[in-house]
Amino acid sequence: MTDLLAAPPDIDTRYARLRLVSPPAERSLRDSLERLGQLHPVVACRRDGALCLLDGFKRLRVAEEIKLGAVRVRVLELSETAAIAAVMSLNRSGRGLSDLEQAFCVRALVREHELSQVAVGELLGKHKSWVCRRLALAERLCSSVADDVRSGLITTTVAREVARLPRGNQPEVTAAIARGALTSREGAALITLYEQSNEGPQRLFLLRQPREALAAQQSQEGGRAFAPDPRLGPATQSTRRALYVCLRSMSELTARLAAGKPCMWSSAERAVLGEVVGKVKAVAELLVSRLSASVLGLATASEEASGE
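Thoughts on the pattern of salt bridges
One pass over the full model with this rule turns up 17 salt bridges. The residue Glu 112 makes a salt bridge to Arg 17 at a minimum N-O spacing of 2.8 Å. Of this pair, Glu 112 sits in helix 4 (residues 99-112) while Arg 17 sits in the loop between strand 2 (11-12) and helix 1 (23-36), placing them 95 residues apart in sequence. We classify Arg 17 as partly exposed; its relative accessible area is 30%. Counted as one network, the salt bridges with shared partners bring together Arg 30, Glu 34 and Glu 65.

Next up, the structure:
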């Protein structure tokens, strides 16, 4: 084991394929490096005359961004399989590697270096069942989704959920999640909805309008909440039911419009629908005003004008 200085561009990052990018963590680390400098060396091994990084990928990326001339490197003499194992062992302090990063390491040992699952377990200090689960996780993901996770486009939580889908369906679903800027929870909900949907217009709507699809599903679930609420009297019970019916109708209409093709409507069709839209708008504005007054206790504009 030796320590030396090396310029960031001269360090080989071939093992970065086993790790995930975390922009928030890198932003925090950048502030630390700029204020305090490098507190701990990165760790590398030698391969074909090059220094190959094993630990400190975030530090190295930040060092390159801030134009740091050199970084301290601790060099270990390791075999190829031991180097991959070190990617995991060097990160056991703190939060450690995510289960997906562990899965990438296991797959590299099993598929690239042809170790048995028992041998991988012995090398990593894990049970064979743990190795089997991590290998299954890595191999259920298609390569494009795995690349999206590595680059930070989707979270590991979403990746675990996406892995439930057939590999051929994974790219379009992850693209919809990324395009809709869905949270991990919303992404998981969309994947569940995708699994339950039928091929054709319904799935196409999910992929093109993910947020609208989730909203429609939530309203349908809310529509099932028609059981009497003991906190309400007969009149408010009826009002609650009517509100849920209204919510479901609006959500269904929103979904229908999103899944349809308005660009193909004729001028005559638009004129007829336009008349109805005007009536809907007037009634909707009146409804919101009345709800604000009776339910939320807010004065309507007319009441404010009359001083009531």
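Examining the sheet that holds strand 2
Taken together, five strands build an open sheet; the order of strands is 1-5-3-4-2 and the sheet is mixed. Strands at the two margins of the open sheet, each flanked by one partner only, are strand 1 (2-6) and strand 2. Inspection of the sheet shows strand 1 paired to strand 5 (residues 71-76) by five bridges, in the antiparallel sense. When the bridges of strand 5 are listed, Leu 5 appears paired with Arg 72.

What about the confidence of the model for the chain?
For the chain, mean pLDDT is 84; residues scoring 70 or higher make up 88% of the total. Across residues 300-308 the pLDDT falls below 50, and counting only partners more than four positions away or on other chains, this stretch makes four contacts in the model.

Let's talk about the packing of helix 9 (residues 170-179) against helix 10 (residues 184-196)
The axes of two packed helices give the description: the angle between them and the distance between them. Taken N-terminus to C-terminus, the directions of helix 9 and helix 10 make an angle of 140°; their axes are 10 Å apart at the nearest point. Relative to helix 10, helix 9 is oriented oblique. Once helix 9 is placed against helix 10, the crossing between them reads as right-handed. Residues Glu 172, Val 173, Ala 176 and Ile 177 of helix 9 pack against Gly 187, Leu 190, Ile 191 and Tyr 194 of helix 10. When grouped by side-chain class, the residues that make up the contact of helix 9 with helix 10 number six nonpolar, one polar and one charged.

A word on the nonpolar core
Counting residues in each nonpolar core, the largest one holds 64 residues, and the members touching the most others are Tyr 15, Leu 18, Val 73, Val 106 and Leu 124. Per-element tally for this core: the top contributor is helix 4, with eight residues. Setting aside chain neighbours within four positions, we find Leu 18 in contact with Ile 84, Val 87, Glu 101, Phe 104, Cys 105 and Ala 108.

Rules behind the numbers
Residues numbered from 1 in each chain as written. Predicted model: local features only at pLDDT ≥ 70, side-chain atom pairs only at ≥ 80, totals over all residues. Heavy atoms only, no water. Salt bridge = Lys/Arg side-chain N within 4 Å of Asp/Glu carboxyl O. Helix = DSSP H or I, 4+ residues; strand = E, 2+ residues; numbered from the N terminus. Buried < 20%, exposed > 50% of the residue type's maximum accessible area, 1.4 Å probe, protein only. Pairing = 2+ DSSP bridges. pLDDT = per-residue confidence, 0-100. Contact = heavy atoms within 4.5 Å. Axes fitted to C-alpha atoms, helices over the stretch in contact; angles between N-to-C directions. Parallel < 35°, antiparallel > 145°, perpendicular 65-115°, else oblique. Left-handed = near helix turned anticlockwise from the far one by under 90°. Nonpolar A, V, L, I, M, F, W, Y, C, P; charged D, E, K, R; others polar. Core = buried A, V, L, I, M, F, W, Y, C linked by side-chain atoms within 4.5 Å.

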